[in-house]
Amino acid sequence: MYPKKKRMMTLTTDEQLYNAARSGIEVTIYIGDEEDYTGKILEYSDGAIKTADGFYLRDNCVVKTTENYLRSL
């Protein structure tokens, strides 16, 4: 039997990004169709997301994860 493939969820709201940052889950940030960063969100604001590699403008990127961003802290 093949392992079940995890579904990729897009994080778009402030609440989703807050929970992802607080939980320390791994996210993937895409610019266009290209994967640009995989790791944790350190901080976020209305306009940007801070990662270990730098800042991403929220209007120019898509944040996705396969992990449960609502897990208990």
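Calculation rules
Residues numbered from 1 in each chain as written. Predicted model: local features only at pLDDT ≥ 70, side-chain atom pairs only at ≥ 80, totals over all residues. Heavy atoms only, no water. Phe/Tyr/Trp six-rings, centres within 6.5 Å; stacked < 30°, edge-to-face > 60°. Helix = DSSP H or I, 4+ residues; strand = E, 2+ residues; numbered from the N terminus. Lys NZ or Arg CZ within 6 Å of the ring centre and 35° of its normal. Pairing = 2+ DSSP bridges. Axes fitted to C-alpha atoms, helices over the stretch in contact; angles between N-to-C directions. Core = buried A, V, L, I, M, F, W, Y, C linked by side-chain atoms within 4.5 Å. Buried < 20%, exposed > 50% of the residue type's maximum accessible area, 1.4 Å probe, protein only. Contact = heavy atoms within 4.5 Å.

A.B. asks: Describe the packing of aromatic side chains, naming the residues involved and giving the relevant values.
C.D. replies: Under the criterion given, the structure shown has 1 aromatic pair. Centroid distance Y37 to Y56: 6.2 Å. Interplanar angle 45°. Geometry classified as tilted. Separated by 19 residues along the polypeptide, Y37 in strand β3 (residues 34-39) and Y56 in strand β6 (residues 54-57) bring together distant segments of the chain. One Lys or Arg, K64, reaches over the ring of Y30 and ends 5.4 Å from the middle of that ring.

A.B. asks: Got a sec to walk through the sheet that holds β3? Specific residues and values, please.
C.D. replies: An order of β1-β7-β2-β3 is seen for the 4 strands of this open sheet, with the pairing classed as antiparallel. Whereas interior strands pair on both sides, the edge strands pair on one side only; in this sheet they are β1 (9-11) and β3. Here the strands of the sheet are splayed against their neighbours by 35° on average, with no regard to which way each runs. Here strand β2 (residues 27-31) pairs with β3 via 5 bridges, running antiparallel. Across the sheet, residue V27 finds its bridge partner in β3, namely G39.

A.B. asks: Residue-level account of the nonpolar core, with values.
C.D. replies: Residues L11, V27, I29, I41, I49 and V63 are the most contacted members of the largest nonpolar core, which totals 13 residues. Elements that contribute at least two residues to this core include exactly α1 (14-23) and β2. Once you skip the residues sitting within four places of it in the chain, I29 turns out to touch E34, E35, D36, Y37, I49, T51, Y56, C61, V62 and V63.

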